[in-house]
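Each chain is listed here by its residues.
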Amino acid sequence: MTLKWWQTAVFYQIYPRSFADGNGDGIGDFMGMTAKLDTLKELGVDALWLSPHFPSPMWDCGYDISDYTSVAPEYGTLEDFKTFLEAAHRRGLRVILDLALNHTSDEHAWFLESKSSRDNPKADWYVWMDPLPPPSLRDASPVSNGRNVGGREGVPNNWQSCFDGPAWTYAPERRQYYYHYFMKQQPDLNWQNPAVKQAMWDAARFWLDLGVDGFRLDAIGTIYEHPDMPDHPVPLTLAEMRLASDRAKTDAERKQVGDYWREMFQYQYGRPGVHDLMKELRSILDEYDGDRMLVGEDDDVNYMGDGKDELHMVFNFPLMRADRLTPAHIRRNQAERLAALAKVSPQAWPCNTLGNHDSPRIHNRYGDGEHDRELARLSLATVLALKGTPFLYNGEEIGMTDFYLTDISQFKDTLATWYYREAVEKLGVDPAEALHNAARQTRDKCRTPMQWQDAPNGGFCPAGVAPWLPVNPDFAKGVNVADQRVDPASLWTFYQEMLAARKSNPALLEGDYLPLQENSETCLAFLRRADSQTCLVVLNFSDQPDLLDFSNLPYREMQLLFTSGRPPRSMALDAIQVDRFGVLIAEVA
Ligand code: GLC
C-alpha cells in the first residue's frame, strides 16, 4: 500500500506563544521554534501544526488575525518564518499552518474599511444587519425573548457568540450590527461575497507558494449562518449557560446543558455551503506539488466529500469526548468512526487526537487522580496504535498538566475573563466560585509555557523575565524535557520508543483495525493487519496485571515489538501476561 506522507506522519501541534522563547521577551517565537527542531526530530514526530503565527491583537490568542500574509512581530519576521520552514524541511519535518476562515480580527484592514461606512468597497465583506425597530413598531411576536440580550435594544436576533455574550455588536459608523460567532473582536466574514473568497484563497496561496505543506482549517462549521436568522429557543444567555454547566451535578442536568448548547447554536453552525468552499480550497491545494493537505477542525466526515474532493482528514473528536478513556468507549468510537469513514470512501483516512490548545491536558482529563501518569501513557499509546494519523499537543510528551490560575489578572483567555466578570457582576456569583470556575473553563490552563528544563521559568525564557502566562512550577519535579530525555523510565522516552515502534512496523501505519476480546472492561486488544505484517496490540487500563488468551486467533508465533514494562514471561498466545497499565505490541504470524 502506498500511503501519503500525512497518512504515515505523527503530527505535533506547536502553540507558538508558549513553545520556545528565542529572544528572551517571555513570548515564544520562530527563533525559539527553529532552535528546538532537533529536539522534536529526536522525539520522533514527523509534521508540525503551528497554531496561528499571524499578526493579531491577541484577544483570542492569535485566532483573531489582522493580517493573513505576515508574521506576528513578537514571533519574528517573514524571514524568520522562512528560516524555520527551511530548517524543518531540511530535517524532514513537514509544516502545516492554521487558517481561520470564518472571521478576522476587528483590527484587520478589511474590517476597518468595511465598518467605516455603508458604501465603501468592502461594505459587504462582513455580516451586517440593521437594528431591529423598537418594540412598539414591531409585530407582537411571542418570540421577542432575548432580543434585548446585552441590554441594547435592536439587536437583530437573540443569537449568542460562543465566547462573549450577544453575537451582534453595534458599529456607530454604520449604525448597524455586525455578527460574530466568536468574540466581538472576531467579526464573521461574509462568505457569500466572492471577493472575500478570492482574498482568502490568495492568502492561502501566499503560504503554499512559500512551501508550507497544508493547513489546519479553524472552525469550518461556523462559516455560514441560517439565512432567515431565526431566534434560538433557549431561555438562557451564554453566561447563564456556562454557569449552569459549571453547576450541573446530575447526568440529567449535564444532558440539559448539552441540549441547550446544541439548540442555542443550531442556526449558526453546520449550515450548507461549506462543502463547496472546501472543494474550491482543495482544488487550489491540488494545483501544487508535494501532496499538500487539509485537516478540518470538525468531526463531520462529510467534510471529506467523496474522499478526494474536500478535506484530507477531519478529527475524531468523539474519541476525546469522554471523562475516562475506557476500552469500551474506545471500541465503540472506533466501530462508529471507521464505519462512517468507510461510507465516505474505502480510502478515507482516520485522524485521532486527545488534546489541543482548547481542551484540558490529558493528565487531568483522563486521569483518575491516583494513576494519572499511567493513564496518560495509555492514552498516548492508544492514539499511536489505532489506525489513522495521530495529532499530539506540545507538552503532552512530558506529561504537562493543567495549571489553574489563581488571580483573574493573570488570565489571557478572553472567554474566561468575560465569563468571570459576567458571573460576578450580572449573575451575582461569589467571586471565589467565579474564579474557581473560570480557572477551569479557561484555555489558559493548557497553554502555559513549555517546560524545557529545571531552571528559572522552566527554561522557557530567561530568569527575571515574566513569561506571558505563568510557568507551571512542576518543571522542578521532573516535568521538563531535559530531565526526561535522559531518563529511560520517563514519559518522553516512552513517547520516543513508541513513535519509533510505530515508524518501523508497517502494520502500525497501514494495517486495518480488528477489535479482539470485545467484552473486556479492562483491556483494549486489537489487531492491525497489513499485507506484510500483523500486529497484536494490548493495552491494560486496570491496576491489575491481566492474563489474556488469544489462542482462538489463526496465529502460532508471536514476537514482542514493544512493551511498556518488563517483557512478559510467556509469549504463548494462550497466556499473554500484560502488566497493570501495560502496553504490549507484538508481531504475530
Ligand atoms: C477554534 C480554535 C480556538 C479559537 C476558535 C476561534 O476553535 O481552536 O482556539 O478560539 O476557533 O477562532
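Thresholds applied
- Residues numbered from 1 in each chain as written.
- Predicted model: local features only at pLDDT ≥ 70, side-chain atom pairs only at ≥ 80, totals over all residues.
- Heavy atoms only, no water.
- Domains from an automatic or database assignment.
- Contact = heavy atoms within 4.5 Å.
- Buried area = accessible area lost by both parts, 1.4 Å probe.
- Axes fitted to C-alpha atoms, helices over the stretch in contact; angles between N-to-C directions.
- Helix = DSSP H or I, 4+ residues; strand = E, 2+ residues; numbered from the N terminus.
- Parallel < 35°, antiparallel > 145°, perpendicular 65-115°, else oblique.
- Buried < 20%, exposed > 50% of the residue type's maximum accessible area, 1.4 Å probe, protein only.
- Pairing = 2+ DSSP bridges.
- Right-handed = clockwise from strand over helix to strand, strands pointing away.
- Near = heavy atom within 4 Å.
- Polar contact = N/O pair within 3.5 Å; in protein donor to acceptor, adjacent residues only side chain to side chain.
- Nonpolar A, V, L, I, M, F, W, Y, C, P; charged D, E, K, R; others polar.
- pLDDT = per-residue confidence, 0-100.
- Core = buried A, V, L, I, M, F, W, Y, C linked by side-chain atoms within 4.5 Å.
- Salt bridge = Lys/Arg side-chain N within 4 Å of Asp/Glu carboxyl O.
- Left-handed = near helix turned anticlockwise from the far one by under 90°.

Draft legend 1. Focus on the domain arrangement of the chain. With domains assigned, the chain is organised as domain 1 (5-102 + 194-232 + 267-402 + 471-491), domain 2 (109-179) and domain 3 (511-588). If you average the C-alpha positions of domain 1 and of domain 3, the two centres end up 30 Å apart. Facing the 15 residues of domain 1 at the interface are 23 residues of domain 3. Summed over both partners, the interface of domain 1 with domain 3 comes to about 1,600 Å²; 72% of that surface belongs to carbon and sulfur atoms.

Draft legend 2. Looking closely at the packing of helix H8 (residues 238-247) against helix H15 (residues 414-425). Axis separation between H8 and H15 bottoms out at 10 Å; the angle between their running directions is 90 degrees. If you check the angle between H8 and H15, you find them roughly perpendicular. Across the interface between the two elements, Leu-238, Ala-239, Arg-242, Leu-243 and Asp-246 of H8 pack against Leu-415, Trp-418, Tyr-419 and Glu-422 of H15.

Draft legend 3. Spotlight on the pairing of strand E2 (residues 47-50). Of the two faces of E2, the one holding Ala-47 and Trp-49 and the one holding Leu-48 and Leu-50 are both buried throughout. Here four bridges tie strand E1 (residues 11-14) to E2, and the two strands are oriented parallel to one another. In the sheet register, Gln-13 faces E2, and the bridge partner there is Trp-49. Relative to strand E3 (residues 94-100), E2 is paired through three bridges, and the arrangement is parallel. Bridged to Leu-48 within E3 is Val-95. Note that the unit made of E2, helix H5 (residues 78-90) and E3 has a crossover that is right-handed.

Draft legend 4. Region of the structure containing the site of the ligand. The environment of the ligand is formed by 13 residues, the closest being Asp-60, Asp-218, Glu-297, His-357 and Asp-358. Between the ligand and Asp-60 there is a distance of 2.6 Å, counted from an oxygen atom to a side-chain nitrogen or oxygen. Broken down by class, the residue content of the shell around the ligand amounts to three nonpolar, three polar and seven charged.

Draft legend 5. Quick look at the confidence of the model for the chain. Residue-level pLDDT values for the chain average 95, and 97% of them are 70 or greater. Within the model, pLDDT remains below 50 along residues 140-152, and this stretch shows 22 contacts once partners closer than five positions in the same chain are excluded.

Draft legend 6. Representation of the sheet that holds strand E12 (residues 514-516) in the model. Spatially, the five strands line up as an open sheet ordered E12-E13-E14-E18-E16, and their pairing is antiparallel. Taken across any chain shown, the strands that pair with only one partner, and hence form the sheet edges, are E12 and strand E16 (558-563). Geometrically, the sheet is characterised by an average inter-axis angle of 25 degrees between neighbouring strands, direction not taken into account. Here strand E13 (residues 523-529) runs beside strand E14 (residues 534-540); their pairing, made up of seven bridges, is antiparallel. Its bridge partner lying in E14, Cys-523 is registered against Asn-540. Those strands touched by helix H14 (residues 372-385) are E13, E14 and strand E18 (583-588), and its axis lies near 160 degrees from that of E14.

Draft legend 7. Broad picture of the nonpolar core. Counting residues in hydrophobic clusters, the biggest one holds 174 residues, and the most contacted among them are Val-45, Trp-191, Phe-215 and Leu-217. Each residue touching Leu-217, except ones within four places of it in the same chain, is listed here: Leu-99, Leu-101, Met-278, Leu-281, Leu-294, Val-295, Gly-296, Glu-297 and Leu-311. The next biggest cluster of nonpolar side chains, apart from the first, holds 17 residues, and it includes Phe-550, Leu-573, Ile-576 and Val-588.

Draft legend 8. Inspection of the side chain of Ser-379 at higher detail. By the secondary structure assignment, Ser-379 is in helix H14. A residue is classified by how much of its surface remains accessible, and Ser-379, at 1% relative accessible area, is buried. Once residues within four sequence positions are removed from consideration, Ser-379 is found in contact with Leu-325, Leu-354, Ile-362 and Tyr-366.

Draft legend 9. Main features of H8. Restricting attention to buried positions, one finds in H8 the residues Leu-238, Ala-239, Met-241, Arg-242 and Leu-243. Buried residues belonging to H8 abut helix H9 (251-265), H15 and helix H16 (431-441).

Draft legend 10. Seen up close, the pattern of salt bridges. Under the definition given, this model contains 33 salt bridges. Among the salt bridges present, the one from Lys-4 reaches Asp-291, with a minimum N-O distance of 3.5 Å. Of this pair, Lys-4 sits in the segment before helix H1 (5-8) while Asp-291 sits in the loop between helix H10 (274-286) and strand E8 (293-296), and the two are 287 residues apart along the sequence. With relative accessibility at 37%, the residue Lys-4 sits in the partly exposed group. Between Arg-247 and Glu-433 there is a salt bridge whose closest N-O contact spans 2.9 Å.

Draft legend 11. Focus on the packing of H15 against H16. Viewed as axis vectors pointing N to C, H15 and H16 meet at an angle of 160 degrees, and their least axial separation amounts to 9 Å. Considering the angle they form, H15 stands roughly antiparallel to H16. In the packing of H15 onto H16, the handedness of the crossing is right-handed. Of H16, the residues touching H15 (which contributes Leu-415, Ala-416, Tyr-419, Tyr-420, Ala-423 and Val-424) are Pro-431, Ala-434, Leu-435, Asn-437, Ala-438 and Gln-441. A per-class count over the contact of H15 with H16 returns 10 nonpolar, two polar and no charged.

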